[in-house]
Amino acid sequence: MRKLKINTEPKFVLSERMKHLQERSISLAVSGKRNLYTANETQLVYHWSDAGQAIAPQSGDGKFQGLSLGDHACRVDIGMDFPALDEVPSKKYGYRPDAENWAVDFAFLLDNSPAEIYPNETIVGEFHWEMNEIRKYDFGDTVKELGKKARELGAGGNSHGHTCPDFSIGLTEGWGGILKRIEESLALYTRLKHTAKSAFLRSAKISCEAIMRYIDKYSRYAKELTLRETDPAQAAIYEKIANACKHISVSPPANYYEAVQWLQFAVMTDRIVGHGNGYGRLDKYLIRFYKSDIADGTLTRDEARDYLAEMFLKLRGEFFSLGGRDSNGNDATNEMSYVVMEAYDMIDDYNNLGVMWHSDMDPKFYSYVCDVLTRHGAGIPSLVNYDIIRDAELRSGVPICDAADVAYSGCQWFCIPGKEYCDQDTNAIVLIAPMRRAIDRAVSGEYTEFEQLYAAFTDELKATVEALRIFKDAQYNILCDMWPEIVTSLNCHGTIERGLDITAHRGVDYQFTSTNILGIPNVADSLYAIKKLVFEEKKYTLSEVRDAVKINWKERERMRQDFLCQDKYGNDLDTVDSLYVRITETIAYIMDHTYNNRGQQYRASLFQFQGHTASNVIGATPDGRLASEPLAHGCNPTAGRNKNGLVATANSVAKADNRKFLGGSLQIELQPEFFDGKDDLASYTEQFSKAFFANGGVQINLNIIDLEILRDAMEHPEKSEYQNIIVKVTGYTSRFVTLCRGFQEEFVGRENYGKM
Amino acid sequence: MDGLVFDIYRGTTHDGPGIRDTVFLKGCSLKCAWCQNPESIDKAEKVWYNKNKCIECGMCADICPSGAVTVGENGIHFDYNTCIGCNACTKVCTSGGMSAIAKRLTTDDVLCRVLKDKHYFDISDGGVTLSGGEPLIQPEFSLELLSKLKTHGISTALDTCAVVSEKVFLSALELTDVLLLDLKLFDSKEHKRLTGADNRQILTNARSAALFVRKNPTHRLWVRTPIIPGATDSEDNITAIAEFIHTELIGEVERWELCMFNRAASSKYEALGVEWNYRHTPSVNIETREYLIKLASENTSCKIIASGVVQK
């Protein structure tokens with residue numbers, strides 16, 4: 001009998017009410033109603049395809065066939081198009097790429113989305129349609145042309161949210177307070193006759209009022225249900241919902257319960273825009289409400305945990321962080337940090353939490369975090385090295401007063417909540433492309449030294465980055481008109497006062513461009529093998545290598561094996577790891593010297609969330625990889641190439657200077673048996689992570705799961721025991737059975753340490 | 001000083017406390033029928049054949065001076081016993097189909113590698129474990145390595161079957177923080193039948209180890225017993241070992257681990273071209289495991305740990 005996961009007694013018992021909510025949540029997820037799709041493999045690799053349709057339509061009548069990323073969508077698919085699709089203002093009265101035209105559509109969508117409240121819920125809010133399903137999303141021909149050029153050179157991307165608002169603004173002011181500031185600012189810019197700013201602020205007003213009406217709709221519906229309900233207990237719940245929604249539709253939350261409900265609506269309405277933001281430090285947001293209610297005796301810890309667990313069961317795709325330091329550099333962990341972890345511990349269900357560890361963190365909290373992570377084995381939470389991500393922000397030029405507030409916000413990325421448009425996670429550079437061009441140049445130029453090849457690679461990478469820069473600048477020029485992030489902007493610092501959307505030039509203080517880099521380990525392995533076999537041993541010529549790769553090593557098996565069996569990144573071998581580090585330094589150097597048209601620099605992530613699985617788009621590589629085999633995931637070694645044990649791999653990964661990048665996670669799959677005979681399972685996770693962080697590592701995603709069993713789950717996805725297996729796929733978590741087959745295959749092909 | 005090392009696995013949790021690197025040394029003083037590392041038994045430098053990696057190019061057969069590799073109708077045929085370990089084939093093989101089982105490394109080579117992981121050892125009270133094979137079958141190498149590890153402040157563990165001279169064993173004890181002592185079978189005849197040697201020397205060394213730990217309380221003694229169906233899993237055997245631990249090892253054993261048999265080594269036997277009697281032996285069933293844990297607990301005062309896969 002193999003163990004799927006480490007099974008221990010649950011620490012918290014679900015109440016009957018919570019059990020019902022969990023059952024509903026699971027059934028929605030496993031029936032595919034929470035699936036998030038990407039259009040195709042090209043989109044997966046470049047985050048941009050010829051159609052220019054950067055956001056894939058997700059729902060409707062099932063006609064959309066894309067690759068399922070898993071149950072990562074915030075929305076609930078009910079298998080039908082938005083009923084008032086023909087009545088959408090931009091369709092009926094004319095589409096204009098401007099913020100007001102956008103906001104009117106947004107208001108229409110909210111006004112025509114129903115309020116839904118299910119039995120047993122105290123935290124409410126669910127939606128079915130996103131903006132991208134009702135409104136044209138089109139950057140136009142100029143951008144598309146530049147996108148094509150960029151892709152030819154190995155780059156792509158679309159600015160698609162992936163930043164982080166600061167909900168402490170709304171939690172303090174309420175939607176009514178935000179609206180008041182919008183109106184004041186609107187009056188100012190109207191008086192000063194700034195038409196563009198006035199137009200943005202009118203759009204902000206339309207959007208904010210729509211959100212307030214939407215929340216009020218829930219209040220009115222709950223009131224209706226109260227009157228209809230015969231069971232007094234359920235009627236009391238409806239009444240509680242009605243009162244809370246009434247209050248928070250205008251005012252800031254008065255208590256903890258209202259604060260959680262406020263967050264639920266804030267995330268939902270932000271997600272209706274159709275993107276993937278992170279949402280900041282959850283423990284920091286909620287602590288004052290929690291403390292005050294506990295002191296008043298109006299809230300128990302159990303209730304606090306339940307409300308949060310309800311929110312986690314309802315939301316999908318959201319990232320929150322915990323811990324870190326405060327602006328004085330002190331530990332920011334508080335009692336709420338525990339309650340958040342407990343809520344996950346209790347429901348054992350998908351959610352994307354990140355704990356920002358640092359050496360001064362409350363040791364009891366970190367031990368509990370590692371205990372939860374180890375017992376559940378689903379990569380929740382991600383462990384993040386706070387000091388490194390803060391330093392990365394400092395290095396980009398963010399002053400310490402803001403850099404200290406950094407929050408882990410997505411798969412591997414981080415952001416200054418409400419002050420930074422980091423444009424993260426949906427831009428990509430495929431590093432294979434510049435390498436290939438460098439090899440072509442080396443062949444035609446008859447290079448005799450490896451250094452000549454490396455110089456050509458550096459040149460070609462610059463050309464790729466330059467193509468991306470031109471493409472992105474063209475997007476940035478029209479983004480705040482074409483697809484503004486008005487809802488996110490409502491909870492940002494300075495947007496309303498400046499009359500600028502977060503995506504507009506200088507809408508917020510920091511507007512870096514961040515790009516994922518796909519295939520660094522493959523380029524390191526390839527260049528190392530070439531260095532050794534072509535330039536040093538002269539066993540093959542570079543043109544032979546180029547030709548062999550071009551035909552996917554066909555009839556070159558002996559040669560392929562030679563390239564495959566050279567030292568590989570991920571084994572703590574300085575021979576090849578030093579080349580990996582050199583490549584990361586080259587990337588960082590080029591990024592440090594590339595600025596967007598906001599005058600802010602480019603930054604790279606040693607990460608790409610699923611592009612490595614779309615190997616057919618990429619083709620074979622000189623590291624001996626066949627076209628059909630996945631590339632390396634992010635900064636992790638290519639599956640099957642790390643053979644010296646987890647610590648050796650961790651050392652390789654930690655060799656890059658992570659302060660120069662916007663994240664790069666060590667992805668680990670461990671067998672449950674790895675922990676056999678250990679008295680204190682969590683201590684391994686804790687000690688390992690601390691040592692990794694001390695070595696300069698930035699993030700750990702840890703699954704403790706038997707991949708053999710998952711292989712069976714691929715063949716028998718109908719078996720009940722396989723329905724609810726949750727894994728950290730790359731930077732996000734999902735139920736295994738809801739992933740498309742290609743992603744499943746890649747997952748089970750990973751190194752499952754601990755076979756010794 | 002160099003030795004034959006067949007693997008260094010970094011970040012293990014099974015071979016002693018904390019996070020560890022395990023250095024596997026080639027050559028063993030026993031030849032257990034169920035051995036999980038059959039490639040480690042022979043003291044000599046040898047090659048083995050991995051069919052999964054082989055692309056059947058035939059270069060190995062062309063160059064082999066001893067006739068151990070031949071090309072027949074069924075592709076490559078490798079005869080482990082004919083192989084003289086000259087490594088001619090591994091030099092021409094590009095795919096790793098033919099590979100040297102072990103590498104000759106100096107103690108400094110090993111030290112350089114494991115020192116990179118000192119962060120992990122220090123934070124977890126882990127360190128380096130010498131395993132095998134039987135590490136003490138290369139006594140000079142093992143003792144020098146242990147001594148160098150100690151000099152560098154690295155905690156050491158030694159995974160041993162204790163079939164070595166008392167002199168070597170005692171020297172090793174001085175340099176070993178945690179002794180992982182294998183006690184497989186208490187019946188000496190059975191021991192001889194299934195492992196190739198009787199257990200007198202093992203028991204003598206075990207007693208010495210207990211005495212040593214009593215005198216040097218910073219040193220620790222762990223006992224491990226492989227639970228092999230039909231060989232070591234009998235009530236008599238576990239009770240006898242328990243009594244020995246209790247009475248003769250004088251309460252100095254900190255924990256006793258019962259390691260459940262698994263068939264993971266099948267592919268290794270295939271690569272060696274050796275028939276393995278345990279190829280079809282099923283995993284220990286869960287009732288047996290629970291019963292053995294109960295027996296072990298009732299008859300000793302040390303902590304009992306069970307590891308490995310069981311079947312329902």
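All values derive from a computational prediction rather than experimental measurement. (Residues numbered from 1 in each chain as written. Chains lettered and ligands numbered in written order. Predicted model: local features only at pLDDT ≥ 70, side-chain atom pairs only at ≥ 80, totals over all residues. Heavy atoms only, no water.)

**Let's talk about helix α22 (residues 542–550) of chain A**
Residue and element names in this part refer to chain A. The condition is simple: Using a 1.4 Å probe on the protein chains alone, a residue whose accessible area is under 20% of its type maximum counts as buried, one over 50% counts as exposed, and one in between counts as partly exposed. Here a helix means four or more residues in a row that DSSP labels H or I, a strand means two or more in a row labelled E, and each is numbered from the N terminus. Summarising the geometry, the arc corresponds to the directions from the helix axis toward the C-beta atoms. Any two residues having at least one pair of non-hydrogen atoms within 4.5 Å are treated as being in contact.
Of the residues making up α22, those classed as buried are L542, V545, A548 and V549. All buried residues of α22 fall inside an arc of 125 degrees around its axis, so they share one side. Of the surrounding elements, those touching the buried residues of α22 are α17 (432–444), α18 (450–482), α21 (520–536) and α23 (557–564).

**With respect to unusual backbone geometry**
Residues and elements named next belong to chain A. In this chain, I380 is followed by P381 through a cis amide linkage whose omega measures 0 degrees. Of note, the phi angle at D425 is positive, near 80 degrees, even though the residue is not glycine. In this fold, D425 is placed in the loop between β9 (414–415) and β10 (427–430). Judged by relative accessible area, D425 falls into the buried class, the value being 2%. The backbone phi angle of E446 is positive, close to 50 degrees, even though this residue is not glycine. Inspection of the secondary structure puts E446 in the loop between α17 and α18. E446 gets classed as exposed once you look at its relative accessible area, which sits at 66%.

**Looking at empty space enclosed by the protein**
Residues and elements named next belong to chain A. Going by this rule: Of the two site types, the cavity is a set of points on a 1 Å grid over the protein atoms alone where a 1.4 Å probe fits but cannot get out, and the pocket is an open set with protein on both sides within 12 Å along at least five of seven lines, each lined by residues with an atom within 4 Å of a point. Grid points are joined across faces, edges and corners, and a volume is the space filled by probe spheres set on the points. Throughout, the ten residues Ala, Val, Leu, Ile, Met, Phe, Trp, Tyr, Cys and Pro are labelled nonpolar, Asp, Glu, Lys and Arg are labelled charged, and all others, Gly among them, are labelled polar.
Taken as a whole and assessed by the stated rule, the structure comprises ten cavities of 30 Å³ or more. By volume, the second largest cavity amounts to about 100 Å³. Counting residues per element, the lining of the second largest cavity draws most heavily on helix α1 (residues 16–30), at four residues. Class assignment of the residues belonging to the lining of the second largest cavity gives a composition of three nonpolar, one polar and six charged.

**Quick look at the confidence of the model for chain B**
Stated formally: Confidence scores per residue from the predictor, reported as pLDDT, run from 0 to 100.
Taken as a whole, chain B shows an average pLDDT of 94; of its residues, 100% reach a score of 70 or greater. Across the assembled chains, the prediction reports ipTM 0.94 with pTM 0.95.

**Topic: the interface of chain B and chain A**
Threshold: Buried surface area refers to the total accessible area, computed with a probe of radius 1.4 Å, that the two partners give up upon joining, counted for both partners together. A side-chain nitrogen of Lys or Arg and a carboxyl oxygen of Asp or Glu constitute a salt bridge if their distance falls within 4 Å. Throughout this description, a polar contact denotes any pair of N or O atoms lying within 3.5 Å of each other; where both atoms belong to protein, one of them has to be capable of donating a hydrogen while the other can accept it, and for residues adjacent in sequence the pair is counted only when both atoms sit in side chains.
Taken together, the contact pairs 36 residues of chain B with 36 residues of chain A. For the pair chain B and chain A, the summed buried area comes to about 3100 Å², and 56% of that belongs to carbon and sulfur atoms. The largest contributions to the chain B side of the interface with chain A come from Y9(B), T94(B) and Y120(B), which together make up 23% of the buried area. Between D574(A) and K116(B) there is a salt bridge, with its nearest N and O atoms 3.7 Å apart. Our count for the chain B to chain A interface comes out at 13 residue pairs in polar contact (both at pLDDT 80 or more). Of all elements in the fold, only β1 (2–12), α4 (118–124) and β13 (303–307) of chain B reach the threshold of two or more residues within the side of chain B that touches chain A. Tallying contributions element by element places β1(B) first for the side of chain B that touches chain A, with five residues.

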